[in-house]
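Overview (structure and organization)
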Amino acid sequence: MTSDGQALELAERAWRAAEADEADAVVQVEESGFARFAASEVHQPTLISDESITLRVVRDGKVGCAVTNRTDDEGLREMARRAADAADSAPADPGYAGLQPPSAVPEVAGFDAGTAGLTPEEQASLAAKAIEAAPEFGLYGYFTSGVTETAIASSTGHAVSQRMTDASVLAIAASDDASGYAEATSWKADDLDPAACAREAAEKAARTRGATEIETGTHAAVLEPYAFSELLWYFGFSSLGSLSCLEGRSYLSGRLGEKLFHESFTLIDDGLDPQSMPKAFDLEGVPKQRVTIVEDGVAKDVVWDRRTAKRAGDGRESTGHALPAPAQGFGPLPLNLSVGGGDVPTAQLPERVGDGIYVTRLHYLGVVDPREGIITGMTRDGTFKIEGGKVTKPLVNLRFTTSFPKLVEGILGLSEEVLLVNRSDYYDERYPFGTRVPAIATSAFTIVGTGSGPGL
Amino acid sequence: MRELCGEAIDAATAGGAGYADARAVTRRAQHVATKNGEVESVSDGETEGIGVRVLVDGAWGFACDRRLTGEGARAAAERAVAFARASAGRAGRRQVELAPAPAGTGEYKTAAERDPVDVPLSEKVDLCLRAEGAMQHEDVKITEATLRAQREQRAFRSSEGADVYQEFVECGGGIDALAIREGKVQIRSYPSAHGGSSSQSGWEYVEGLDLPGNAARVGEEAAALLRADPCPSGVTTVVLDSEQMVLQVHESVGHPTELDRVYGTEAAYAGTSFLKPGDLGSLRYGSDLMNITADSTTPGGLGTFAYDDEGVPAGRHPVVEGGVLSGFLSSRETARMIGAGNGGSMRADGWSRMPLVRMTNLHLEPGEGSFDDLLADVDDGIFMCTNKSWSIDDKRLNFQFGTQIAWEIKNGKLGRMLRDATYMGRTPVFWSELDAVAGPDEWQLYGLTNCGKGQPGQHAHVSHGTSAGRFRNVQVGVRDV
């Protein structure tokens, strides 16, 4: 594991090994542990140690990338050779927007020494705390923590690095006929209480026995932050980046400046927020900026990287939302979405619904129509009826196909409390991110079918 | 790499592991993407490392290290043992036991005429741009082409004496056309959506796809979809093309038959299964025409190997026979739990993830007759092609899928084009309505590279061979009301 400064030094060595007119190198370092459990036993504990370097080179206006996880000089030279070959294979790239010049990046929180120092034994012990707190059910989920470092250095002289920690606990308490869900995430492990998470899941599960069906149609509903976060993320992935907006694929294409949502809905992307998973810069080293996406229901902006900013012209600049160079085909993405809380205590949100549905979390979402913001998926692990403003009987898992814009347009209330919900499934290089959202009561949540009952 | 695996195993057993296996992997992966006549990215990555899995006191542990050195191998082994010991937890936990399996020894190499990684990147870029150029149409605003090539060397050894070395190459690609007009967006892809199709083959596979030759049709169909009528809602007969059948098989048969899901070990992420161990041999999964086979020997399959990532030899076995559940995809651990077989479906993504039960190549066996024969018995129905969206519940029961394009079927013939086609169903009910499968001449093999599972997440590359199939009484045209 690199210590302070070593990742940046590696990034410097990497770009300097390139034979190019311009070059930048992104180093991502990971040390992490995953104590995954099922049926109340840790069954798939995984420790990961890796350093990955992505080199982007520009030769005669042509751009190519290469990746390695060899950090010796020979490995870097080999990577540089492949990057040069990649660049030389392509015509000049008119969309190339140049490398980030030297620039200061903001100071952000996001590193906790205690979290970084958690040993595998401690990670397993924290998982055990969750398991022991819910003995009446099988417990499924994980405790994970990691320390990552991102360092970027380039031929412009720009050089930045940031160490980050993250920790998450996820718990599904389940039996054959019941299941409940809870999770918690932070960049400080001490913020998490695995036992409390498990108890929340168990309390929810205990109320899901005897689940029945409900008629299809549009219902009023309360979505807990776990559920609202996932809907928001899928909408954000398809519609809140400037590439999809410029290409006409986004819900916001041609609609910026219009009032599209309820006036109580304000949505920002703020990588600097210490209550999120803070990032000082994006994956091309551009300082992160706070972006107001929706303000009081009016669509204001999307997120940008250097490439889409160049394409838009008109003085547009990157807002610091780029992905690594090989993944820039996805366009810039909002990885720190945050919805402002409302004025309703969470426990009182069902009163705003009257009669409807209470949803804890969702499963397997799919974007049906990005231009209309239509998303399908299932509810899971804690779905209930709301009757007379009270959460009452358990329901089976329900299939929804609903319009995210209509759901937000139909806000009946937002909770005062706002929760950071993890949105990483830890594929490839570890890069912690999440959304901060309240619970939402809405008049527009459309159920199109039923699934299986709660439980295993 | 084999020596390093040996060092890791020695370190693990010296540390107290009752069982250990080690997997050293080098992976070279190239990716070319073009959009609207410009190169979007050209990347060439190479990574390496070693992953060590151990059983200590009946509990699993896994650790990895990027260094293919003795130091890295020993470090991974020691960390795996430490994590297993820490995770073993309370007394009385279930002790992991493995079904006996012969300790595989040998080598394997993909049969390839032309190593796809050795094909110059300039040739790949040129192919992408030529394919894009042929998709042009007034209403097509975005054209995309992607190509990929991968070479992987994998050494595996276990404390039981398994000693395997395998070299895999695979490649693939695809094209997409997005037509946009008056705020409406439609997409067409070839040979399949979401990054195209791949094969464990040499570059001759990509050449055989003939991306430029199919591009004009893709562009024209995308544009035509803008003017097409929406798919009506109702209950009708649906014919799925072989590409959409791939997704149907993958999501509603492949995943629920992964035995680790059945036993609950994926409950926290991918979900469980509506199947129970006791359903083996008795559960009616679908109609008599439903025959599903798992085959890790299929030529060109992304899930083809000589040995899986537990050293179990490749093989072929039925999963559904005549509509009855007759097999699961399993590991040595889950095979022991159910008391049948000895695994053979354990696969890991690279070196930094522990193996999980995964699909290898999972096929819908062909039936009889031609595609036109399937249509001939349809008075009123819909033919749906090429996946666009997908969602299924955590037990793999309730699903909703959408396709890029559809056509009305009237009196045995294809009629008007339809857009935004979706259908939903419950898995065994849907498959029970399968009343025709096209024959061997219509059977095609597709490879997908984005199957996700596990925590931390990992991808598997799997293949499915399918023909078009006909289903009665299907709910179609599901959208936000």
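The structure this text deals with has already been given above.
First things first, this report covers the structure right here in the doc. In this text the structure is predicted, and so the values were computed from the model without any measurement.

A closer look at the overall build of chain A
Looking only at helices and strands, chain A has 10 helices and 17 strands in total. Taken over C-alpha atoms, the radius of gyration comes to 23 Å for chain A, in line with the 23 Å a tight globule of 456 residues would show. Classification of the 456 residues of chain A by burial places 66% in the buried group. The contacts of chain A with a sequence gap of at least 6 include a subset with a gap of at least 24, amounting to 73%. Of the side-chain charges in chain A, 41 are positive and 67 negative, and the distance between the mean point of each set is 4 Å.

Here we look at the interface of chain A and chain B
Where interface size is quoted, it is often the accessible area lost as the parts come together. The interface is formed by 89 residues belonging to chain A together with 83 residues belonging to chain B. In total, about 6,900 Å² of surface goes out of reach between chain A and chain B, with carbon and sulfur atoms giving 51% of it. Inspection of the region where chain A meets chain B yields seven salt bridges. Ionic pairing is found between Glu46 of chain B and Arg82 of chain A, a salt bridge with its closest N-O pair at 4.0 Å. Summed over the shared surface of chain A and chain B, the number is 38 residue pairs in polar contact (both at pLDDT 80 or more). The element contributing the most residues to the side of chain A that touches chain B is strand E2 (residues 41-59) of chain A, with 11 residues. Looking at the side of chain A that touches chain B residue by residue, the class counts come to 35 nonpolar, 31 polar and 23 charged.

Section: the environment of Phe261 of chain A
All names here are of chain A. With respect to the helices and strands, Phe261 occurs in the loop between helix H7 (242-246) and strand E8 (267-269). Note on Phe261: relative accessible area 1%, which makes it buried. In this structure, Phe261 is in contact with Phe235, Tyr251, Val294, Gly297, Pro405, Val408 and Glu409, ignoring residues within four places of it in sequence.

Describing the sheet that holds strand E13 (residues 324-325) of chain B
Residues and elements named next belong to chain B. Spatially, E13-E12-E11-E16 is the arrangement adopted by the four strands of the open sheet, whose pairing is antiparallel. Edge strands, defined here as strands with exactly one partner in the open sheet, are E13 and strand E16 (362-364). Lying over the sheet, helix H6 (residues 242-254) contacts strand E11 (292-295), strand E12 (316-321) and E16, oriented at roughly 115° with respect to E16.

Section: the pattern of salt bridges
Where side chains of opposite charge bring their charged atoms close, a pairing between them can arise. Applying the stated rule across the entire model yields 78 salt bridges over all chains. Residue Arg66 of chain B is joined to Glu51 of chain A by a salt bridge in which the shortest nitrogen-to-oxygen separation is 3.5 Å. On the criterion of chain membership, the pair formed by Arg66 of chain B in the loop between strand E3 (59-65) and helix H2 (70-87) and Glu51 of chain A in strand E2 is interchain, its members lying in two chains. With respect to burial, Arg66 of chain B and Glu51 of chain A carry one shared label: buried. Put simply, Lys410 of chain B and Asp380 of chain B hold a salt bridge, and the shortest N to O gap is 3.0 Å.

Parameters at a glance
- Residues numbered from 1 in each chain as written.
- Chains lettered and ligands numbered in written order.
- Predicted model: local features only at pLDDT ≥ 70, side-chain atom pairs only at ≥ 80, totals over all residues.
- Heavy atoms only, no water.
- Helix = DSSP H or I, 4+ residues; strand = E, 2+ residues; numbered from the N terminus.
- Rg over C-alpha atoms; globule rule 2.2 N^0.38 Å.
- Buried < 20%, exposed > 50% of the residue type's maximum accessible area, 1.4 Å probe, protein only.
- Contact = heavy atoms within 4.5 Å.
- Lys, Arg positive; Asp, Glu negative; His and termini not counted.
- Charge placed at Lys NZ, Arg CZ, Asp CG, Glu CD.
- Buried area = accessible area lost by both parts, 1.4 Å probe.
- Salt bridge = Lys/Arg side-chain N within 4 Å of Asp/Glu carboxyl O.
- Polar contact = N/O pair within 3.5 Å; in protein donor to acceptor, adjacent residues only side chain to side chain.
- Nonpolar A, V, L, I, M, F, W, Y, C, P; charged D, E, K, R; others polar.
- Pairing = 2+ DSSP bridges.
- Axes fitted to C-alpha atoms, helices over the stretch in contact; angles between N-to-C directions.

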